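Residue-level structural notes
Listed below, chain by chain, are the residues.
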Amino acid sequence: MFFFKQVLFFIFCICFLYSLPSQAETGVTHNAIVFGQTAALGGPASELGLGMNLGIRAAFKEANDQGGLHGRTLELKALDDGYEPERAIDNTKKLIHDEGIFALIGGVGTPTANAIQPITSQEKVPFIGPFTGAEFLRSPFKRYVLNIRGSYWQETEEWIERLTVDLGIDRIAIMYQDDSYGRAGLSGVVRALEKRNMELVGEGTYKRNTTAVKSSLLQIRKSDPEAVVMIGAYEPCAAFINLAKKIGLKTVFVNISFVGSKALAESLGSAGEGVIISQVVPFPFDASSSTLVKNYQQALKALNPMAEYGFVSLEGYMVGRFVIEVLQGMDQDVSREGFLDAVYDRKTIRLDDVLLTFGPDDNQGMDNVFLTVINSHGDFEPVERLK
């Protein structure tokens, strides 16, 4: 009898163990997958962090309202780093070790990405969709970084091509943020100019999280530029352009996608007419132009009926949709390595009518660069050529 009870107890234990779910990945429970974001949610660059956060949450809500992914909802825990590297490091460690996130998503800025990428890679935590085109996140290849947008080198190449070919300009100066972000853009501009046997006629810099651009403007004015290309945030870039127009500097102003287009246009007001901004996502204001844009607009209004469409929130939505598309193709046993394998093995990720392509040594999904110009009403117009 005693032996019989032991056998029954043994069978019960085996059945119980088999009934338990397999050891779940960090950030993955039976009913949720938790992501973390450290971004500028306050301070001079807050429009960028808030825009990315809004777009990601819109995509997550869209999926959650449809029942989630294999019974799991998507959650986002966001912390403010103020666009400061040290705060971003603290936030990243807290999100990974204390909050137990599955992956980091939607970070904002080159200096912050430069600070936290070694941490995420060492911890083998996916770093998904950072809002920066810095080359170090792309080359050499980094398995644990998944870029959605095109690079700054691709944006600056398009700038120089259009300025030289469309407008016949050969006197180009640069104003850039004096840190890893600004230098990333500077290297792209220099590279594009050298390709055409050209060089910059003038340079000016400013410090991150300030609008101290007057000395930069005075330095650049001495070079008598036909165009000033700008690698900065919206407040200092707006201050530079406003001052330049007040002192009568007649030149073409070109800004990079990171600037925060909507915030720049609002800061410039009537002085914004003719300012050029390169973009790395489709035009977010015309639902008829793209199925992705149509779905983005619907998802944004479902999250917040008062929300305004914009390039940054569209990029955030695309990052969120990317995560959803990858997870939908996986089974119940979600893991960080499995997620990365799913991206690199699948190679092509479809976001409605927009395709993202990855490969064994390619961790960037899109290569597209689009040009926009601010018109006299402060709105954006998509353009293929400059005139």
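Bear in mind the structure is a predicted one, so any value in this text is a computation, not a measurement.

**What to know about the overall build of the protein**
- What the protein contains, in helices and strands, is 12 helices and 14 strands.
- Taking 387 residues into account, the globule formula puts the C-alpha radius of gyration at 21 Å, and the protein, at 23 Å, falls close to it.
- Here the protein holds 387 residues, and 54% of them are scored as buried.
- Excluding contacts between residues fewer than 6 apart, the proportion of contacts in the protein whose partners are at least 24 apart in sequence is 70%.
- Accessible surface, the protein as shown: approximately 16,800 Å² in total, 51% of it carbon and sulfur.

**Structural notes on helix α4 (residues 110-123)**
- Taking 1.5 Å as the rise per residue, α4 with 14 residues should run 20 Å; its terminal C-alpha atoms sit 20 Å apart, in good agreement.
- Along its length, α4 reaches its greatest deviation from straightness, about 35°, at Ile116, and the proline Pro118 lies no more than four positions downstream.
- Taking burial as the measure, the 14 residues of α4 include 10 buried ones, the bulk of the element.
- All of the buried residues along α4 are Thr110, Pro111, Thr112, Ala113, Ala115, Ile116, Gln117, Ile119, Thr120 and Ser121.

**So, the pairing of strand β8 (residues 227-231)**
- When you tally the buried positions in β8, you get 5 out of 5 residues, the bulk of the element.
- Across the two faces of β8 the burial is the same, with Ala227, Val229 and Ile231 and Val228 and Met230 all buried.
- Relative to β8, strand β6 (residues 172-177) runs parallel, the two being bridged by 5 bridges. Each bridged residue has a counterpart across the sheet, and for Tyr176 the counterpart in β8 is Ile231.

**Considering the pattern of salt bridges**
- Counting across every chain of the model gives 19 salt bridges.
- Between Lys61 and Asp65 there is a salt bridge; the shortest N-O distance is 2.6 Å. Highlighted residues: Lys61 and Asp65, both in helix α2 (residues 46-65), separated by 4 residues, approximately one helical turn.
- We classify Lys61 as partly exposed; its relative accessible area is 28%.
- Residue classification places Asp65 among the exposed residues on the basis of a relative accessible area of 56%.
- Between Asp166 and Arg162 there is a salt bridge, with the nearest N and O atoms lying 2.6 Å from each other.
- When salt bridges that share partners are traced, they join Glu157, Glu161, Lys195 and Arg196 into one network.

**Notes on the environment of Arg183**
- Structurally, the position occupied by Arg183 is in helix α6 (residues 180-194).
- Arg183 sits in the partly exposed class, given a relative accessible area of 44%.
- C-alpha of Arg183 to C-alpha of Pro282: the two residues are 99 residues apart in sequence and 26 Å apart in space.
- Among all residues touching Arg183, those that are not within four sequence positions of it are Tyr176, Gln177 and Asp178.

**A word on the pairing of β6**
- Judged by how many residues are buried, β6 sits mostly within the fold: 6 of 6 residues are covered.
- On β6, burial covers both faces: Ile172, Ile174 and Tyr176 on one face and Ala173, Met175 and Gln177 on the other are all buried.
- Sheet analysis places β6 next to strand β7 (residues 202-206), joined by 5 bridges and oriented parallel. When the bridges of β7 are listed, Tyr176 appears paired with Thr205.

**Brief notes about the sheet that holds strand β2 (residues 73-80)**
- Pairing is parallel across the open sheet formed by 5 strands, whose spatial order is β2-β1-β3-β4-β5. Both outer strands of the open sheet, β2 and β5 (145-146), are each paired with one neighbouring strand and no more.
- As paired strands, strand β3 (residues 103-105) and strand β4 (residues 127-128) are joined by 2 bridges and run parallel to one another. Residue pairing for β4: Leu104 is matched across the bridge by Phe127.

**Here's the deal with the side chain of Glu315**
- As for its placement among the helices and strands, Glu315 is situated in helix α11 (residues 311-328).
- Of the residues examined, Glu315 reaches a relative accessible area of 4% and is grouped as buried.
- Not counting chain neighbours up to four residues away, the residues in contact with Glu315 comprise Met52, Pro130, Phe131, Arg149, Val280 and Val281.

**Points about the confidence of the model for the protein**
- With 94% of its residues at a pLDDT of 70 or more, the protein has an overall mean of 93.
- In the model, residues 7-22 has pLDDT below 50 throughout and makes 1 contact with residues more than four positions away in sequence or in other chains.

**What about the nonpolar core?**
- Membership of the largest hydrophobic core comes to 112 residues, with the highest contact counts inside it found for Phe35, Ile128, Ile172, Phe322, Leu327 and Phe339.
- Per-element tally for this core: the top contributor is α11, with 11 residues.
- In contact with Ile128, other than residues within four places in its own chain, are Phe35, Ala103, Leu104, Ile105, Gly106, Leu146, Val319, Phe322, Val323 and Phe339.
- Core analysis: the second largest hydrophobic core is formed by 15 residues, Ala113, Ala115, Leu137 and Val145 among them.

Analysis parameters
Residues numbered from 1 in each chain as written. Predicted model: local features only at pLDDT ≥ 70, side-chain atom pairs only at ≥ 80, totals over all residues. Heavy atoms only, no water. Helix = DSSP H or I, 4+ residues; strand = E, 2+ residues; numbered from the N terminus. Rg over C-alpha atoms; globule rule 2.2 N^0.38 Å. Buried < 20%, exposed > 50% of the residue type's maximum accessible area, 1.4 Å probe, protein only. Contact = heavy atoms within 4.5 Å. Areas by Shrake-Rupley, 256 points an atom, 1.4 Å probe, with all protein chains shown as cover. Expected span 1.5 Å × (residues − 1). Bend = angle between axes of the 7 residues up to and from the residue. Pairing = 2+ DSSP bridges. Salt bridge = Lys/Arg side-chain N within 4 Å of Asp/Glu carboxyl O. pLDDT = per-residue confidence, 0-100. Core = buried A, V, L, I, M, F, W, Y, C linked by side-chain atoms within 4.5 Å.

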